[in-house]
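Structural characterization, general
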Amino acid sequence: MNDIAIQVIQMSKNFKRIFDKPNTLKERLIFWNKSKSEVHHVLKNININIQHGETVALIGSNGSGKSTLLKLMSKILYPNQGSIITNGKLTSLLELGAGFHPDFTGRENIYFNAAIFGLSKKQIENRMEDIIAFSELGEFIDNPVRTYSSGMYMRLAFSVAINVDAEILLIDEILAVGDQHFQDKCFSKLVELRDSDKTIVIVSHSLDTVRRLCGRAIWLYNGEVAMDGDPADVIDHYLDKMIEDHDSSQTGPVEKVEGQIHFDEPLMNEIVVDVSEPLMVRGWALCNIANTTLKIYLDGMEIATAMRERRPDVLMTYHDMYGGAAPNAKCGWYCPVKLNNYTGLHSIDAILYNNFDQKIITQDRIQIKIEGNQVIS
Ligand SMILES: Nc1ncnc2c1ncn2[C@@H]1O[C@H](COP(=O)(O)OP(=O)(O)OP(=O)(O)O)[C@@H](O)[C@H]1O
């Protein structure tokens, strides 16, 4: 048996961009030979081999061609040059609602979709209850899908996709529309499929999901494969490049500088073990400029510049500065605070400064009361 599930060979995809497209017949007649178009090279000479059993993420900034590549793999689109060969039964979760008939009920759409996938009526009937149970749609399963919310669509689509015995699963971001409970459930299911012999290709902006789920990440940049390998390395390079691109696109002063600081710890009832042991203060900062510094003050005295911390729960905790480079980037931070006066009320201030002019962008304060060896409020 061929070990390769998906083979992309010297593949390029272009789209035509049309400017000044006439909207009315009059405009068409007047501008009949004047509409301008431009060929947009979305993917250029891509070569990728994905083995059976691999779980691969496609990452990259908006418009880098990730969804287009998935659509090409699922043969919704065709390349202008080169080819894509898939080997195995393939199902895809690409656009919400794609493949569903809006006037059919959820149940009818299950029949419809599973039949297209080659399942017999008996096979579908045998799986029907499992599909409905996984989707948790309950009585809504007998309502027309046009009445569904995007989360409900996604529940139905995911439940069908995992029950049609596909060997290759292509998933585009859509998991993000589910509520937290269903996202967690889908994630666990994907882990289960990953650990069986399924091949999964997923497009996601959730780098945490990529790190936890995938064994390989492919980064698309300017229509080419910029890097292909271990997710942790690829994500680091991708984020560094995003910072670089963001910095070079910042030509003038940032007009409206905003930021937020959050304290997560110290938690109430935290036991302060020893006076000589510093108390760890943790939080995260969010700012729309890159060049910021976060300083920590104890009872009005500057005691430290907070240290960056990698936090799996906070997206993009990667930059050496505080605030982060990309707009709305978040950075986890920590600071060991040595309490001079052990018992009593202390205030800890975190202040985010703009490195250009040292002006304060934002600040926040927590007050902690220590009694005995505990933080009590
Ligand atoms: N059908 C189409 N016709 C014309 N241009 C298209 C079409 N589909 C995609 N594009 C263009 O191709 C480029 C890549 O789009 P694609 O959706 O693949 O990017 P993406 O990496 O998935 O982005 P995002 O992270 O925003 O989802 C974009 O510039 C988009 O405008």
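What comes next is a walk through the structure. What you see is a predicted model; the values in this text were computed from it and never measured. (Residues numbered from 1 in each chain as written. Predicted model: local features only at pLDDT ≥ 70, side-chain atom pairs only at ≥ 80, totals over all residues.)

1. Quick word on the overall build of the protein
Which entries qualify depends on this criterion: Numbering of helices and strands starts at the N terminus; helices are DSSP runs of H or I of at least 4 residues and strands are runs of E of at least 2. Counts of 20 or more other C-beta atoms within 10 Å of a residue's own C-beta define buried residues, counts of 12 or fewer define exposed ones, and intermediate counts define partly exposed ones; C-beta atoms are placed from the backbone. This entry defines residue contacts through backbone-placed C-beta atoms, with two residues in contact when those atoms are within 7 Å.
Across its full length, the protein holds 8 helices and 18 strands. Evaluated residue by residue, the protein yields a buried proportion of 32% over its 377 residues. In the protein, of all internal contacts separated by at least 6 residues, the share reaching a separation of at least 24 is 69%.

2. With respect to the environment of glycine 118
When you line up the elements, glycine 118 lands in the loop between helix H3 (106-116) and helix H4 (121-135). Separated by 47 residues in sequence, glycine 118 and aspartate 165 place their C-alpha atoms 10.0 Å apart.

3. Examining the nonpolar core
One broad rule of soluble globular proteins: the nonpolar side chains tend to lie buried together. Worth spelling out the cut-off: For this entry, the nonpolar core is defined as buried Ala, Val, Leu, Ile, Met, Phe, Trp, Tyr and Cys residues connected by C-beta atoms within 7 Å.
Counting 61 residues, the largest nonpolar core has Leu58, Ile59, Val201 and Ala217 as the members making the most contacts within it. No other element matches helix H5 (residues 150-161), which puts 8 residues into this core. Counting residues in hydrophobic clusters, the runner-up holds 23 residues, among them Ile261, Ala306, Ala350 and Tyr353.

4. Describing the site of the ligand
Just so we agree on the cut-off: Whether a residue is near a molecule or strand depends on its C-beta atom, generated from backbone atoms, being within 6 Å of that molecule or strand.
Around the ligand lies a shell formed by Phe15, Val42, Gly60, Asn62, Gly63, Ser64, Gly65, Lys66, Ser67 and Thr68. Tallying contributions element by element places helix H2 (residues 66-73) first for the shell around the ligand, with 3 residues.

5. Here we look at the sheet that holds strand E7 (residues 199-203)
Note the following rule: Two strands pair if DSSP finds at least two bridges between them. A fitted line through C-alpha atoms represents every axis, and for helices the fit uses only the stretch in contact; the resulting angles, taken between N-to-C directions, go from 0 to 180 degrees.
Pairing is mixed in the open sheet, where 6 strands are placed in the order E5-E6-E7-E3-E8-E9. With one partner strand each, in any of the chains shown, strand E5 (90-93) and strand E9 (224-229) form the two edges of the open sheet. Direction aside, neighbouring strands of the sheet carry axes that sit 15 degrees apart on average. Direction of pairing for strand E6 (residues 168-172) relative to E7: parallel, over a ladder of 5 bridges. Bridged to isoleucine 168 within E7 is threonine 199. Contacts from H2 reach strand E3 (55-59), E5, E6, E7 and strand E8 (216-221), with the element oriented near 150 degrees to E7.

6. Comments concerning H2
Burial of H2 is extensive: 6 of the 8 residues sit out of reach of the surface. Immediately downstream of H2, the backbone of lysine 75 shows phi near 65 degrees, a positive value.

7. Considering the pairing of E7
Under the convention used in this document: The crossover handedness rule: strands pointing away from the viewer, path from first strand over the helix to second strand clockwise, crossover right-handed.
Extensive coverage of E7 is indicated by the burial of 5 of its 5 residues. As paired elements, E3 and E7 share 4 bridges and run parallel to each other. If you follow threonine 55 over to E7, its bridge partner there is isoleucine 200. With helix H6 (residues 180-195) bridging E6 and its parallel neighbour E7, the resulting β-α-β unit is right-handed.

8. Here we look at the pairing of strand E16 (residues 344-354)
Pairing between strand E12 (residues 292-298) and E16: 7 bridges, direction antiparallel. The residue bridging lysine 295 from the neighbouring strand is isoleucine 351, located in E16. Taken together, the 10 bridges between E16 and strand E17 (residues 360-371) define a ladder with antiparallel strand orientation. Looking across to E17, one finds that aspartate 349 is bridged to arginine 365. Between E16 and E17, which pair antiparallel one after the other, the connecting turn spans 5 residues, and glutamine 358 there sits at a positive phi close to 60 degrees.

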